[in-house]
Amino acid sequence: NIVCVYRNTTISNTISNTASETAFNLTKQFDANTLKALNRLSVDIYGRTNSDSILPGTLTFTLKLGSTVIVSTGALTLLTSILNRGVYCNCKIFFETVGASATARVNAYVSVSTGLGTEVTSVISSNGTISLDTTQNLVLTPYATFSVADADNNITIEQMEINLIG
């Protein structure tokens, strides 16, 4: 049983000219006690990024459920002068248990196209469980952080879709 629980209808805010972790305005709230044991969330995010021509630095992409980090790429090195290149994140969250001490496992793939058929990627494979409290409202939110604050370093999410499986 697969149900689409979120699909954006507008493009996100553009994150640029900051070296602070910044939330995108595309979010999905899961009300308290709605996530069940053995549920899976499948999150697909597609976007575009640009980078500075001299010192682009790095980009870190993060996905949080409530205040818990579900996915963090670490610093992905950007090439200079990336123009309108694709960003893709595919994340699977598997809820083993639910409640105040819920546990989940996560697998994710994040890719940033650098042009000319190349990309920088981060593959996150769950090496244990992540603790969550599913008795509280949990908001799924993507974030971006550039290491260099520059107006040319920017990222926008064009599509975000979340499916609940189970």
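Note that this is a predicted model, so its numbers are computed, not measured.

## Quick word on the nonpolar core
Generally speaking, nonpolar side chains in soluble globular proteins are found buried as a group.
Then comes step 1: Formed by 41 residues in total, the largest nonpolar core has its most connected members in Ile70, Val71, Cys91 and Ile93.
Then comes step 2: Counting residues per element, the ones that place at least two in this core are β5 (40-50), β6 (58-65), β7 (68-72), β9 (85-97), β10 (102-115), β12 (130-132), β13 (138-146) and β14 (154-165).
Then comes step 3: For this core, the element with the most residues is β10, which contributes 6 residues.
Then comes step 4: Excluding residues that lie within four positions of it along the chain, Cys91 makes contacts with Leu41, Ser42, Val43, Leu63, Ile70, Val71, Val106, Asn107 and Ala108.

## Description of the environment of Leu132
Then comes step 1: With respect to the element layout, Leu132 can be found in strand β12.
Then comes step 2: Here the alpha-carbon distance between Leu132 and Tyr88, two residues 44 residues apart in the chain, equals 25 Å.
Then comes step 3: Setting aside chain neighbours within four positions, we find Leu132 in contact with Leu65, Thr68, Ile70, Phe95, Gly99, Ala100, Ser101, Ala102 and Ala104.

## Considerations on the pattern of salt bridges
Two side chains of opposite charge can pair, provided their charged atoms sit close to one another.
Then comes step 1: Within this structure, the stated rule accounts for 4 salt bridges.
Then comes step 2: The partner of Arg7 in a salt bridge is Glu161, and the shortest N-O contact between them spans 2.7 Å. With Arg7 in strand β1 (residues 2-7) and Glu161 in strand β14, the pair connects residues that are 154 residues apart, well separated along the chain.
Then comes step 3: A salt bridge links Glu158 to Arg48; its shortest N-O distance comes to 3.8 Å. In this pair, Glu158 sits in strand β14 while Arg48 sits in strand β5, placing the two residues 110 residues apart along the sequence.
Then comes step 4: The exposure class of Glu158 is partly exposed, given its relative accessible area of 34%.

## Section: unusual backbone geometry
Then comes step 1: The backbone of Asn33 shows a phi angle near 65 degrees, a positive value even though the residue is not glycine.
Then comes step 2: By the secondary structure assignment, Asn33 is in the loop between β4 (28-30) and β5.
Then comes step 3: One non-glycine residue, Asn84, lies in the positive phi region at around 55 degrees.
Then comes step 4: In this fold, Asn84 is placed in the loop between β8 (76-77) and β9.

## Structural notes on the side chain of Ser111
Then comes step 1: Here Ser111 is to be found in strand β10.
Then comes step 2: Classification of Ser111 as buried rests on a relative accessible area of 6%.
Then comes step 3: A polar atom in the side chain of Ser111 sits 2.4 Å from the side chain of Glu119.
Then comes step 4: Sequence-distant contacts of Ser111, defined by excluding residues within four places in its chain, comprise Gly86, Val87, Tyr88, Glu119, Val120 and Thr121.

What counts as what
- Residues numbered from 1 in each chain as written.
- Predicted model: local features only at pLDDT ≥ 70, side-chain atom pairs only at ≥ 80, totals over all residues.
- Heavy atoms only, no water.
- Core = buried A, V, L, I, M, F, W, Y, C linked by side-chain atoms within 4.5 Å.
- Buried < 20%, exposed > 50% of the residue type's maximum accessible area, 1.4 Å probe, protein only.
- Helix = DSSP H or I, 4+ residues; strand = E, 2+ residues; numbered from the N terminus.
- Contact = heavy atoms within 4.5 Å.
- Salt bridge = Lys/Arg side-chain N within 4 Å of Asp/Glu carboxyl O.
- Polar contact = N/O pair within 3.5 Å; in protein donor to acceptor, adjacent residues only side chain to side chain.

None of this, on its own, says anything about what the molecule does.
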